[in-house]
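# Coordinate inspection notes
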Amino acid sequence: MDNIVKKSVADVFGIEDPAFKNTVVKVFPATPDTPENIKDFVFRSDVLRRLMVWAASVSLPAGFFGATMKRNLMIYGPTGCGKTALAQVFCARTGRSLIRAQCSEDTEPSSLFGTWRLCRPILKEDPSEEAGLIEKGVAGIARAIEKLAIAVKKTTGVGPEMTWVDGPVLRWARMPNSVLLLDEFDQLPPSVAMSLNAVLDGDDILVPETGERVKPAPGNLLAATANTNGRGSAGGNGGSASLYKGAKRQNVATMDRFFVIHTSYLSEAEERQLLMKQTRVNEAVSTAMATLASKIRTQFLGINEDAGAAGTPLEFTITTRNLLNWAMSYTLMVSTGMQSKLALKEALRMTLLDFATPDERKAVEDTWESVVGANA
Ligand SMILES: Nc1ncnc2c1ncn2[C@@H]1O[C@H](COP(=O)(O)OP(=O)(O)OP(=O)(O)O)[C@@H](O)[C@H]1O
Ligand SMILES: [Mg+2]
C-alpha cells in the first residue's frame, strides 16, 4: 500500500535497544480515528517486543507460517498502570485507527456489533405554556416538516426508515490497519465475550439482522484490557481481584485466543523521570512522590490473593494516573501561592486520600512523613 513508511523502533518508540536493530515498524498515514500521541510515554523493551510480535501477526507475507497466528492481545494489570494508554500510544505512533469499546456487564452483542435505529425526525415534547414566541414557532415548523415527510413517504415510498448502525466491532472490521480496543474485557458477561470468538479467530462476521457478511479488513488487530487474568485472579502482581468489582471469570476458550501482556506500574526511577517531564515538578519533589507511590504499592500488592498477605495490607493504591495528577494539582496549588509542604498534602488528599478510610489515610500520611523526613 502507498504512503506506508517503514521506520526503526528507536524512531517510533524512542527505545535504543540492540535487540530491535532488525525490527521494522510500519507507520500508516493517520486517520481521524488515530488517537493523540502521549509525549514522553515510557515503553519497556519486553512489552514493546510483544507488541511487535502481535503486530507482525497481520503483516507477515501470506504462508510465512503454516499455522494461524493469534492476532489478539490481552493487556492485564492493576488499575491506572497504563494499559489503555499503551494501546492508544501504540496506535498514535503507528498511525493506526483505534476503535475503543468500553465493556461492562450490561454490554450486549448488539452494543458491540450494531443495531437497527429509526432515523426519522423525532419531535421533542411540545413547548410549555411559558415558552417564548420563537420557541413555539420553531416547534410548529418542525411539526409541519415531519407531517410533510410522512406524507411524502406515504405517496412516494421515499422517506425516513429503520437504518442499520454499525457497532464498534463492524466499524473496526471495515477499516484497514485499525485496532479494536475492548477496554475492561473481564467485565463482559462470559456469554457476550464468547459471541466474539469468531471475531477473535479472524473469521468473516455474519450479521444476521442484515444478512451481510463482513470480511475483516487487512491489517486489523484486536486488543483488550483487563484488571484480572479472566480467571478471577489479579495474577499475583497487583492487588486482589476481589477489589475489581464486576470482573468475571471468562470462558477459557475465549482467553485462549489472546496473546498476553501482564503489566504493572513503572519503576520508581521511571516514574520520577515521567513526573519531571510531564508535570513541572522538580527533582526533589518527584523523587519523594515516586518513593511514596512505590511504598504504598508494595502494601497494596501485598494483599494479592496468590501470594498471601504480608504486613498490613492497604485496599487502595497510588496509580500512575494518581501520581501524575497529584503532581499536577500540587504544581497548580503552589503557583497560586500555597506553601509547598501544605500543597503536597492538600494535592494528595484531593487526588486520592479523601477516598480513604481514616486508618488508610493515617497509614499513607505516616509513610509520607517518613519519606519527606528521609529526603529532608
Ligand atoms: N508508561 C507510561 N508512560 C507515560 N504515562 C503513563 C505510562 N503508563 C501510564 N501512564 C499514564 O497513566 C495514566 C493512566 O493510564 P491508563 O488510563 O492507561 O491506565 P489503565 O491501566 O488503563 O487503568 P484502568 O485499569 O483503571 O483502566 C494515563 O494518564 C497515562 O498517560
Ligand atoms: Mg484502562
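Residues numbered from 1 in each chain as written. Chains lettered and ligands numbered in written order. Predicted model: local features only at pLDDT ≥ 70, side-chain atom pairs only at ≥ 80, totals over all residues. Heavy atoms only, no water.

## Focus on the overall build of the chain
Inclusion rule: Only DSSP runs of H or I with at least four residues qualify as helices, and only runs of E with at least two residues qualify as strands; both kinds are numbered from the N terminus onward. Between buried and exposed lies partly exposed: a residue is buried under 20% and exposed over 50% of the maximum accessible area for its type, with that area taken using a 1.4 Å probe on protein chains only. It only takes one pair of heavy atoms within 4.5 Å for two residues to be counted as in contact. For the accessible areas, the method is Shrake-Rupley and the probe is 1.4 Å, while residue cover comes only from the protein chains on display. Two residue types count as positive, namely Lys and Arg, and two as negative, namely Asp and Glu; His and chain ends fall outside the count. For the purpose of locating charges, the reference atoms are NZ of Lys, CZ of Arg, CG of Asp and CD of Glu.
When helices and strands are tallied, the chain shows 14 helices and eleven strands. A total of 376 residues make up the chain; the buried ones form 43% of that total. Taking as baseline every contact in the chain between residues at least 6 positions apart, the subset at least 24 positions apart corresponds to 75%. Of the roughly 19,900 Å² of accessible surface on the chain, a fraction of 55% belongs to carbon and sulfur atoms. A distance of 4 Å separates the average location of the 42 positive side-chain charges in the chain from that of its 42 negative side-chain charges.

## Digging into the packing of aromatic side chains
Here a ring pair, both rings aromatic, is described through the centre-centre distance and the interplanar angle of the planes. Cut-off, in case you're wondering: The criterion for an aromatic pair is that two Phe, Tyr or Trp rings (for Trp, the six-membered ring) have centres within 6.5 Å, with stacked assigned to planes under 30 degrees apart, edge-to-face to planes over 60 apart and tilted to the rest.
Under the definition given, this model contains eight aromatic pairs. Between F13 and F43 the ring centres are 4.9 Å apart and the planes differ by 70°, which places this aromatic pair in the edge-to-face class. Of this pair, F13 sits in helix α1 (residues 9-13) while F43 is found in the loop between β2 (24-27) and α2 (45-56), placing the two residues 30 residues apart along the sequence. Owing to a relative accessible area of 9%, F43 belongs among the buried residues under this scheme. Ring geometry for W116 against W164: centres 5.7 Å apart, planes inclined by 75°, an arrangement best described as edge-to-face. Pair noted here: W116 is in strand β5 (residues 114-118) and W164 is in strand β6 (residues 162-166), with a separation of 48 residues, a long-range link.

## Some details on the sheet that holds strand β3 (residues 72-76)
Put simply, the rule reads: Strands were regarded as paired on the criterion that DSSP finds at least two bridges between them. Each axis is a line fitted through C-alpha atoms, and for a helix only the stretch in contact is used; angles between axes span 0 to 180 degrees, taken between their N-to-C directions.
One open sheet accounts for five strands, arranged β4-β7-β10-β3-β11; its pairing is parallel. Either end of the sheet is taken by a strand with one partner, and the two such strands are β4 (97-102) and β11 (259-262). Strand-to-strand twist in this sheet, taken as the mean axis angle between neighbours without regard to direction, amounts to 20°. Note: β4 against strand β7 (residues 178-183), six bridges, orientation parallel.

## A closer look at the site of ligand 1
Selection rule: The cutoff for a nearby residue is simple: one of its non-hydrogen atoms must lie within 4 Å of the molecule or strand. Polar contacts, as used here, are pairs of N or O atoms within 3.5 Å; protein pairs need one atom able to donate a hydrogen and one able to accept it. Residues neighboring in sequence count only if both atoms are side-chain atoms.
Around ligand 1 sit 17 residues, and of these T79, G80, K83, T84 and A85 come closest. With respect to ligand 1, the backbone of V42 contributes an N or O atom lying 2.9 Å from a nitrogen atom. One nitrogen or oxygen atom from the main chain of A85 is found 2.7 Å from an oxygen atom belonging to ligand 1. Taken by itself ligand 1 offers 640 Å² of open surface, and the protein chains cover 85% of this.

On their own, these measurements won't tell you what the molecule is for.
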